[in-house]
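This is what each chain is made of:
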Amino acid sequence: MQTVYPQIVTSADMLKSTIQLEQLVEKLKKNNTKVAAITNSKLYGVLPFWHTLIKNQIQPVIGLTLIVQLDYSPVSIVLYAENNKGYENILKISSGMETRELDLLPKKWLHAYKEGIIAVYKADLLFSKDSLEELKSIFTPTYLFVGVERPSGIETEEEKAIRKTCGEENIKLTAYHECRYVEKDDAFAFEVLNAMDQSVKMSDFQRKKPQPDSHLLSHEEWQEWFTDVPEWLSNTKLMLERCMVVFDKKKHIMPKYPLPAEITAKDYLTLQCEEGLKARIPHYTHDYTVRLHYELDVISQMQYEDYFLIVQDFMKFARQSNILTGPGRGSSASSLVAYTLYITDVDPLPYGLLFERFLNPERITMPDIDIDFADSKRMDVVRYVAEKYGQNYVSQIITFGTLSAKAAAREVARVFGFESSTLEAISSFIPSKLGITLKEAYDQSSKLREFIQTEDIRKKWFDVALKLEGLPRNASTHAAGVVLSPVPLVDIVPIQKGHEDIYLTQWPMKEVEEKGLLKMDFLGLRNLTIMERILNSIHYKKQSFSLKEIPFNDEQTFRLLQKGDTTGVFQLESSGMRSALKQIKPTRFEDIVAVNALYRPGPMESIPLYAKRKLGHVPVTYEHPVLEPILKETYGIIVYQEQIMQIASQMAGFTFGEADLLRRAVSKKNREVLEKERSHFVHKAKQLGHQEQAATSVYDLIVRFADYGFPKSHAVAYSVISYQMAYLKAHYPLEFYGALLSTAIGNQDKINQLVLEMKQKQISVLPPSIFKSQSTFTVEQNGIRFGLQAVKGISYPFTQKLLQQRQRRSAKWEDIFDLATDLSAVFFTRKNIEPLVKAGALDDFGVERSTLLATIDAAVKYAELVSPTEETDLFEGDSSPFGKSKYIKTDPLPVMLKLQFEKEVLGQYFSEHPTVSKKKTNDKVQHIWDIMQSSKDSFVHAIGMIQEIRRIRTKKGEAMAFVTIQDDTGNISVTLFPEEYAKFNAILKEQAIILVEGKKESRNNRIQVIAKNITLY
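Let me sum up the structure you'll find in this document. Being a predicted model, the structure only gives us computed values, none of them experimental.

Of the regular secondary structure elements, the protein holds 41 helices and 23 strands. Seen through its principal axes, the protein has C-alpha atoms that stretch 100 × 85 × 75 Å. Here the protein, with 1017 residues, has 55% of them falling under the buried criterion. In the protein, of all internal contacts separated by at least 6 residues, the share reaching a separation of at least 24 is 70%. Put simply, the protein shows about 46,100 Å² of open surface, and 49% of that area lies on carbon and sulfur atoms.

What follows is the structure in structure tokens.
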């Protein structure tokens, strides 16, 4: 006998079920299922459910569980889509509720969208004849059923009355059973998930316990539970079998660009491109005309004119709004149309970029123009698009976060009531490896295994965590995706409330694209925000400068790149990339393009060969003469996908469209496809007069490099940003470092790295000052001023208030009491002022920091008396009648305490560290920061002040020590084994300055120096 399932809630309904599709389908097939309905509370997970069941020859039914507000009372109801019209109405119902954040569906909405919908009224404790009659007034008898539940197969007390009422009203009954987990033994895991959803512990006596036996019933259980009412099962089956929603194969739903009726999108696009070509390349050659019209013809054949016009329109808005955009991204940089429309800033012809890599007339796909914006302004462009095309036509895309191994382990442990210290221990037992599963963690971590095996409760905890791992946990907004539709989105996908009046799809990216909607990526690129800051800083100094003015043959820029001086330079920051730059010694822009393409696992093995050939250390060779013009720019090495396409075109006469299909096919490494393409390639090459052996060896070369090849269009576009950043660093170092430091606020390690690099370049970092500092780092004539927001412990509202008050004043604050009254007692608190004093920001008052610290409380009381609130100033700005308090004078802070305070709030030292002068006397000495950052274990020389000494005895009873030393750049641990300890113990005293010579070692992610010699300095 075939089984049907009327109410399946899947895990896509977050924290409401543990049912995942793979396990579900396995069980449905085992139970000989004919029809199964998804009945989540939102339309999350509908599309994967539908496709998975269709693939497994099970009829899927789309349902939605909700509560309807009737005149008499709210009732629980399940709506099923009988056909596509019903499905469209369910889309509208769910979207309407979610965009308005309604818990109850208004009765009038149910009436308005009832067509094509079958309703099942759940007969729970609130069931009433009045409500049933209300529903009868909306649905005809064949579209309304009552669902009766028998928890654990037991008839409820209310059932008799419900059956009587339905008989009187002539409404058929169906068997109602919500499945929230697959197997019976998943019940406890679901109960834990339910507690998680309620944010309570299992021990909480107020916890609402879920319905028992919410598993997928077997055919026998259905028969047994409803043995006396077989007609209910029959009604359920017949009702579900009526529900047939069919999703068409993917068709593209392209939005329209608004134009006057008399002009077509094709004509308007052509006009825009021709004008753009004249503006961008005033003396363009015939090649440009041919290429432009070829691209326009392809775009027209594919009917993508509106798409290009939409993109050029919001790019125009970005330019007019001074929002920095990237020069291009991905394959779109290979389009001359995109260049003439100012969508990209890369002219594809000089770089040999192939349009077919972007749009292939022989493989129709949706165009994909991804755009980079300064990340701080990205939403401005999204808002513009939403306003232009209308709220109902534009949406951002949802994304779901799942319970990772660590999250599942911690959440279940929390619900079990484990101590917080145990939660921390559990986290430490699971290796911090991206994508690791609990099973892998169990295999890899002996500590985790030991922890689990010590107590039964821990075994139970781990068993539940395994079952909940990977379940959807929370929804958020996709970082880039935006959907644009020519018809209201609710006609195609379900939507919900998003941010800033821009809707959010209820389906993630893959499902939205599957429905054929146009998805565009508006990407926020941090480096563009940094560049924007640099440009603003340059313009602030009244200097005229534009990125367009940057020459691509600047010697100063290439010198910087050759040295690997690329901290803060987009794509070129890593130590491996620096090493590659030092090897290759770039002398032209194309070298940067090549290194950006080569620096990936696999291709990076070609970097040394590229460098040797470029520098003339080894000769450049080619597999065949036909390859020379194609591979000359990369010294005979295949680096780009476009080169593979050019080889296929030149050697075998492939069109670029065919060549792109070959490249895609070969990269999949399917043996059958490889052999088929080989014979195709060799055959066509022989027709052009090439020898079979030569054609075979060139094909082998293509096969070898198909995976290695990188899209040249993307490499060129991103290398433009790399080069621009390098140019700005070489020519505007103050503005460059100022912008980088401002972006790094909150990341103390990054700030320390930048400050140290600046010191090495003799660029001054000026201490924070309440008279001169802004919120972020700023460029001054003789250096970069520390921003107030970068002082640890200073809140953003306080910084804004201080800067606001400073701007309003005509004269500087005279002392700390003047500052106190101006800020008012609301803002002048020890919590806000103490970090500023420790940082030296109040040194401008000409008073010792120790005195300022001692006076803070007196100044706080003064503010409370004179200016208790922002609105109340008892003396209207003149506190002289009251008399000003005086400083509480104390001895100056000891040097080391002063330094300690600076390190605490600034992450580094501004007052001169006692080791600085000592380091100048020894050329071999390295900064502690450099030693810590170095990836190699080597012999080192370090001068530092002893901070801490920990003396211990070995298992043999011998004395040894761990010593922490500090210089102006950081701390490091020094280990003295018994032999060295015996030699140097006498000079080990806290605050002593010593020179340590020894071997740097990295163990368990901890860096230490094994001392061989110590000298008192």
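Let us look at the packing of aromatic side chains. Evaluated as defined, the whole model comprises 43 aromatic pairs. Ring geometry for Phe373 and Phe522: centres 5.8 Å apart, planes at 20°, overall stacked. Here Phe522 lies in strand 15 (residues 518–525) and Phe373 lies in strand 10 (residues 371–374), a separation of 149 residues in the sequence. Between the aromatic rings of Phe817 and Tyr862, the centroid separation amounts to 5.7 Å while the plane-to-plane angle is 75°, which identifies the pairing as edge-to-face. One end of the pair, Phe817, is in helix 35 (residues 816–827); the other, Tyr862, is in helix 37 (residues 849–866), and 45 residues separate them in sequence. Through pairs of rings, three or more aromatic residues link up here, namely Phe188, Phe416, Phe418, Phe429, Tyr442, Phe451, Trp461 and Phe462. One Lys or Arg, Arg242, reaches over the ring of Tyr143 and ends 5.0 Å from the middle of that ring. The residue whose ring lies beneath Lys460 is Phe188, and the NZ or CZ to ring-centre distance is 4.3 Å.

Take the sheet that holds strand 21 (residues 970–976) next. Read once around its circumference, the closed barrel built from 5 strands follows the order 19-20-21-23-22, with strand pairing classed as mixed. When the angles between neighbouring strand axes are averaged without regard to direction, this sheet yields 50°. Bridge count between strand 19 (residues 939–953) and strand 20 (residues 959–967): 8 bridges; the pairing is antiparallel. Paired with Arg950 across the bridge in strand 20 is Phe962.

So, on to the state of the cysteines. All chains considered together, the criterion is met by 0 disulfides. Of the cysteine sulfurs around Cys179, a residue in no disulfide, the closest is that of Cys243, at 16 Å.

Here we come to the nonpolar core. If you look at the biggest cluster of nonpolar residues, it comprises 108 residues, and the most contacted ones within it are Ile770, Leu802, Ile816, Phe828, Leu842 and Phe845. Looking at which element gives the most residues to this core, the answer is helix 31 (residues 712–731), with 12 residues. If sequence neighbours within four positions are ignored, Phe845 has contacts with Ile770, Phe771, Trp813, Glu814, Asp815, Ile816, Leu819, Leu852 and Tyr887. Formed by 73 residues, the second largest nonpolar core is a distinct cluster that contains Ile58, Ile162, Leu173 and Ile397.

Within helix 22 (residues 555–562) the residues assigned to the buried category are Thr557, Phe558, Leu560 and Leu561. Taken around the axis of helix 22, the buried residues stretch over an arc of 155°, which confines them to a single face. Tucked inside the fold, the buried residues of helix 22 contact helix 23 (575–584), helix 24 (589–598) and helix 31. Looking one or two residues past helix 22, Gly564 carries a phi angle of roughly 70°, positive in sign.

Okay, the sheet that holds strand 17 (residues 778–780) next. Taken in spatial order, the 3 strands of this open sheet run 16-18-17, and their pairing is mixed. Looking at strand neighbours, the two that pair on one side only are strand 16 (765–766) and strand 17, the edges of this open sheet. Contacting strand 17 and strand 18 (783–785), helix 32 (residues 733–743) crosses the sheet at an angle of about 25° to strand 18.

Across 8 bridges, strand 11 (residues 394–402) lies against strand 12 (residues 472–484) in antiparallel orientation. Its bridge partner being in strand 12, Thr399 is matched across the sheet by Ser476. Here strand 11 runs beside strand 14 (residues 503–508); their pairing, made up of 3 bridges, is parallel. Directly across from Gln396, in strand 14, lies its bridge partner Leu504.

With 16 residues, helix 12 (residues 305–320) extends 23 Å from end C-alpha to end C-alpha; this agrees with the ideal 22 Å at 1.5 Å per step. Along helix 12, 12 of the 16 residues are buried, which leaves the element largely enclosed by surrounding structure. Among all positions in helix 12, only Glu305, Asp306, Tyr307, Phe308, Leu309, Ile310, Val311, Gln312, Asp313, Phe314, Met315 and Ala318 are buried.

It is worth spelling out the packing of helix 15 (residues 405–416) against helix 16 (residues 420–429) at this point. Two elements in contact, helix 15 and helix 16, have axes whose closest approach is 10 Å; the angle formed by their N-to-C orientations is 160°. Here helix 15 is positioned roughly antiparallel relative to helix 16, judged by the angle of their axes. Note on packing geometry: the crossing formed by helix 15 with helix 16 is right-handed. On helix 16, the residues that touch Lys406, Ala409, Arg410, Ala413 and Arg414 of helix 15 are Leu423, Glu424, Ile426 and Ser427. Looking at the contact of helix 15 with helix 16 residue by residue, the classes come out as 4 nonpolar, 1 polar and 4 charged.

Turning to the side chain of Thr10, a few remarks are in order. The topology assignment puts Thr10 in the loop between strand 1 (3–8) and helix 1 (21–30). Take Thr10: its relative accessible area is 5%, and that puts it in the buried class.

Opposite charge on two side chains makes pairing possible when the charged atoms of those side chains draw close. Counted by the stated rule, this structure contains 63 salt bridges. The shortest N-O distance in the salt bridge between Glu168 and Lys129 comes to 3.5 Å. Linking Glu168 in helix 6 (residues 159–169) with Lys129 in helix 5 (residues 129–138), this pair joins segments that are 39 residues apart in sequence. Overall, Glu168 belongs to the partly exposed group, its relative accessible area being 45%. Ionic pairing is found between Arg809 and Asp818, a salt bridge with its closest N-O pair at 3.1 Å. In this structure Asp818 comes out as buried when scored by relative accessible area, which is 14%. It is possible to trace a salt-bridge network through shared partners that takes in Lys129, Lys136, Lys164, Glu168 and Glu169.

This part covers the pairing of strand 8 (residues 172–176). The buried fraction of strand 8 amounts to 4 of the 5 residues, a majority that puts the element mostly inside the structure. Pairing between strand 7 (residues 144–149) and strand 8: 5 bridges, direction parallel. Bridged to Gly147 within strand 8 is Thr174. Between the parallel elements strand 7 and strand 8, the chain passes through helix 6 in a crossover that is right-handed.

Attention now goes to the side chain of His690. Positionally, His690 belongs in the loop between helix 29 (671–687) and helix 30 (692–705). Overall, the relative accessible area of 19% leaves His690 in the buried class. In this structure His690 touches His624, Gln650, Met651 and Ala685, once residues within four positions along its chain are discounted.

Looking now at unusual backbone geometry. Unlike most non-glycine residues, Asp501 shows phi in positive territory, near 65°. Assignment of secondary structure puts Asp501 in the loop between strand 13 (495–496) and strand 14. With relative accessibility at 63%, the residue Asp501 sits in the exposed group. One non-glycine residue, Gln762, adopts positive backbone phi at about 60°.

Another point: the environment of Gly944. Along the chain, the position of Gly944 falls in strand 19. The buried category is assigned to Gly944, whose relative accessible area is 0%. Apart from residues lying up to four places away in sequence, Gly944 is in contact with Thr915, Ile965, Gln966, Ala992, Ile993 and Ile994.

Okay, the packing of helix 16 against helix 18 (residues 446–453) next. Put simply, helix 16 and helix 18 touch, their axes get as near as 8 Å, and they point 140° apart. By the angle between their directions, the pair helix 16 and helix 18 is classed as oblique. Contacts between helix 16 and helix 18 pair Thr422, Ile426 and Phe429 from the former with Lys447, Leu448 and Phe451 from the latter. Tallied by class, the residues present in the contact of helix 16 with helix 18 amount to 4 nonpolar, 1 polar and 1 charged.

About the cut-offs
- Residues numbered from 1 in each chain as written.
- Predicted model: local features only at pLDDT ≥ 70, side-chain atom pairs only at ≥ 80, totals over all residues.
- Heavy atoms only, no water.
- Helix = DSSP H or I, 4+ residues; strand = E, 2+ residues; numbered from the N terminus.
- Buried < 20%, exposed > 50% of the residue type's maximum accessible area, 1.4 Å probe, protein only.
- Contact = heavy atoms within 4.5 Å.
- Areas by Shrake-Rupley, 256 points an atom, 1.4 Å probe, with all protein chains shown as cover.
- Phe/Tyr/Trp six-rings, centres within 6.5 Å; stacked < 30°, edge-to-face > 60°.
- Lys NZ or Arg CZ within 6 Å of the ring centre and 35° of its normal.
- Pairing = 2+ DSSP bridges.
- Axes fitted to C-alpha atoms, helices over the stretch in contact; angles between N-to-C directions.
- Disulfide = S-S within 2.5 Å.
- Core = buried A, V, L, I, M, F, W, Y, C linked by side-chain atoms within 4.5 Å.
- Arc of directions from axis to C-beta.
- Expected span 1.5 Å × (residues − 1).
- Parallel < 35°, antiparallel > 145°, perpendicular 65-115°, else oblique.
- Left-handed = near helix turned anticlockwise from the far one by under 90°.
- Nonpolar A, V, L, I, M, F, W, Y, C, P; charged D, E, K, R; others polar.
- Salt bridge = Lys/Arg side-chain N within 4 Å of Asp/Glu carboxyl O.
- Right-handed = clockwise from strand over helix to strand, strands pointing away.

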